[in-house]
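# Fold and contact review
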Amino acid sequence: MSLCPIKYLSSTFFDRPTEVVARNLLGKMLVRILFTKLGKTERLSGIIVETEAYGSKNDPASHAYRGISPRNVSMFGQVGRAYIYFTYGNHYCLNVCARSNRLEAGAVLIRALEPVEGIGRMEIFRKSNDVFSLTSGPGKLTEALDITRRFDGEDMTNPQNILHIEHGLDPSNVVKTARIGISRALNKKWRFVIGGEIEGRLSKYASRRTYRHFD
DNA sequence: TCGATGATTGAG
DNA sequence: TCAATCATCGAA
């Protein structure tokens, strides 16, 4: 008889400074449970290879900078829960609420995954067979895993839930840079990416457009 | 109510 | 490099 390993992340994992959580989320597994027509379940999953931290009043680039609103309530709620928003009229972005108890809001944007389970299903959702473009961006991975705002507020620490995070392997090599796609607070190095096989490179599954952005 | 903006993406 | 596309938010 073997002991069942603890797969989920406890909420204390997310109860730390947002940038620390962002760094430590690398290597973890994002899991989406899909229910098929025949009543069966299917797992879509991937290793988190790229994240960004967003704060509140301390961070002009954050959605929470100007306080609470209907869109960003999840950034002010319980840590470990999903904050999902719609942007550019096309895409959903997935975050996990995370902050030390000194801040009033915070979240970690999940920017890219290395696909693991359910790749065939992701290819259908994405209408693409290129494994390197399936989940290599925040808007791509939500499309690949069929994640929309209907999961906003989901408790991602509960492994029973449709959307949750499980333990994985800790990366040996992590690159830290400024965040992508923002115009303010460019001084903060709050983007974290798993390094590639070649020294000085990023994971092949990191967001493409930003492949060369690092210091 | 109105206009500007955006934590993006795919095509050219 | 650029347009698509629309929810959100602050200003009027």
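In this text the structure is predicted, and so the values were computed from the model without any measurement.

## Some remarks on the protein's contact with DNA strand C
Close to DNA strand C lie R66, S69, P70, R71, F86, Y88, G89, N90 and R209, which account for all nearby residues. Per the 4 Å cut-off to the protein, sugar and phosphate atoms form 73% of the nearby atoms of DNA strand C. The separation between a phosphate oxygen of DNA strand C and a polar side-chain atom of S69 is 2.3 Å. For the surface near DNA strand C, a count of residues per class yields three nonpolar, three polar and three charged.

## Some remarks on the environment of E19
Inspection of the secondary structure assignment puts E19 in helix α2 (residues 18-25). Sequence-distant contacts of E19, defined by excluding residues within four places in its chain, comprise A53, W190 and F192.

## A closer look at the packing of aromatic side chains
Summed over the entire model, instances satisfying the criterion amount to four aromatic pairs. Look at F13 and F14: their rings are 5.0 Å apart centre to centre, the planes differ by 75°, and that puts the pair in the edge-to-face class. When sorted by exposure, F13 lands in the same class as F14, which is buried. Here F132 and Y205 contribute two aromatic rings whose centre-to-centre distance is 5.0 Å and whose plane-to-plane angle is 40°, an arrangement assigned as tilted. Separated by 73 residues along the polypeptide, F132 in the loop between α4 (119-126) and α5 (138-144) and Y205 in the segment after β8 (191-194) bring together distant segments of the chain. R16 extends its terminal NZ or CZ atom over the ring of F13, reaching a point 4.7 Å from the ring centre. The ring of W190 carries K188 above its face, with NZ or CZ at 5.1 Å from the centroid.

## What to know about the confidence of the model for chain A
In the predicted model, chain A carries a mean pLDDT of 94, and 95% of its residues have values of at least 70. Within the model, the stretch residues 211-215 combines pLDDT values under 50 with 15 contacts to residues more than four positions away or in other chains.

## Quick notes on the nonpolar core
Among the nonpolar cores identified, the biggest contains 38 residues, and F14, L25, L30 and L94 are the most heavily contacted of them. Apart from the residues within four sequence positions on either side, L94 is in contact with L30, A82, Y83, I84, V108, L109, I110, T142, I147, M156 and L163. By size, the runner-up hydrophobic cluster in this structure holds 13 residues, among which are A64, F76, Y83 and A185.

## A word on the layout of surface pockets
Here the largest pocket defines a volume of roughly 980 Å³. Residue lining of the largest pocket: 39 residues in total, with Y85, T87, Y88, C93 and P138 positioned closest to the centre. Listed by contribution, the elements that provide at least two residues to the lining of the largest pocket are β2 (41-54), β3 (82-87), β4 (91-97), β5 (107-117), α4 and α5. Forming the walls of the second largest pocket are 13 residues, and the residues nearest its centre are G196, E197, L202, S203 and K204. Tallied by class, residues from the lining of the second largest pocket come to six nonpolar, three polar and four charged.

## Section: the protein's contact with DNA strand B
Near DNA strand B you find 21 residues, and of these H63, Y85, N95, G139 and R209 are the closest. Atoms of DNA strand B within 4 Å of the protein: sugar and phosphate make up 43%, bases the balance. Within the side chain of Y54, an N or O atom sits 3.4 Å from a sugar or linking oxygen of DNA strand B. At 3.1 Å from a sugar or linking oxygen of DNA strand B is found a side-chain nitrogen or oxygen belonging to H91. Going through the elements one at a time, β4, β5 and α5 are the ones with two or more residues in the surface near DNA strand B. If one sorts the elements of the surface near DNA strand B by residue count, α5 sits on top with three residues.

## What to know about the pairing of β8
Side chains R191 and V193 of β8 all project onto a buried face; the interleaved residues F192 and I194 project onto the opposite face, where all are buried too. Pairing between β2 and β8: three bridges, direction antiparallel. Directly across from T51, in β8, lies its bridge partner F192.

Calculation criteria
Residues numbered from 1 in each chain as written. Chains lettered and ligands numbered in written order. Predicted model: local features only at pLDDT ≥ 70, side-chain atom pairs only at ≥ 80, totals over all residues. Heavy atoms only, no water. Near = heavy atom within 4 Å. Polar contact = N/O pair within 3.5 Å; in protein donor to acceptor, adjacent residues only side chain to side chain. Nonpolar A, V, L, I, M, F, W, Y, C, P; charged D, E, K, R; others polar. Helix = DSSP H or I, 4+ residues; strand = E, 2+ residues; numbered from the N terminus. Contact = heavy atoms within 4.5 Å. Phe/Tyr/Trp six-rings, centres within 6.5 Å; stacked < 30°, edge-to-face > 60°. Buried < 20%, exposed > 50% of the residue type's maximum accessible area, 1.4 Å probe, protein only. Lys NZ or Arg CZ within 6 Å of the ring centre and 35° of its normal. pLDDT = per-residue confidence, 0-100. Core = buried A, V, L, I, M, F, W, Y, C linked by side-chain atoms within 4.5 Å. 1 Å grid on protein atoms, 1.4 Å probe; cavity = no way out; pocket = protein on both sides within 12 Å on 5 of 7 lines; lining within 4 Å. Points joined across faces, edges and corners; volume = space filled by probe spheres on them. Pairing = 2+ DSSP bridges.

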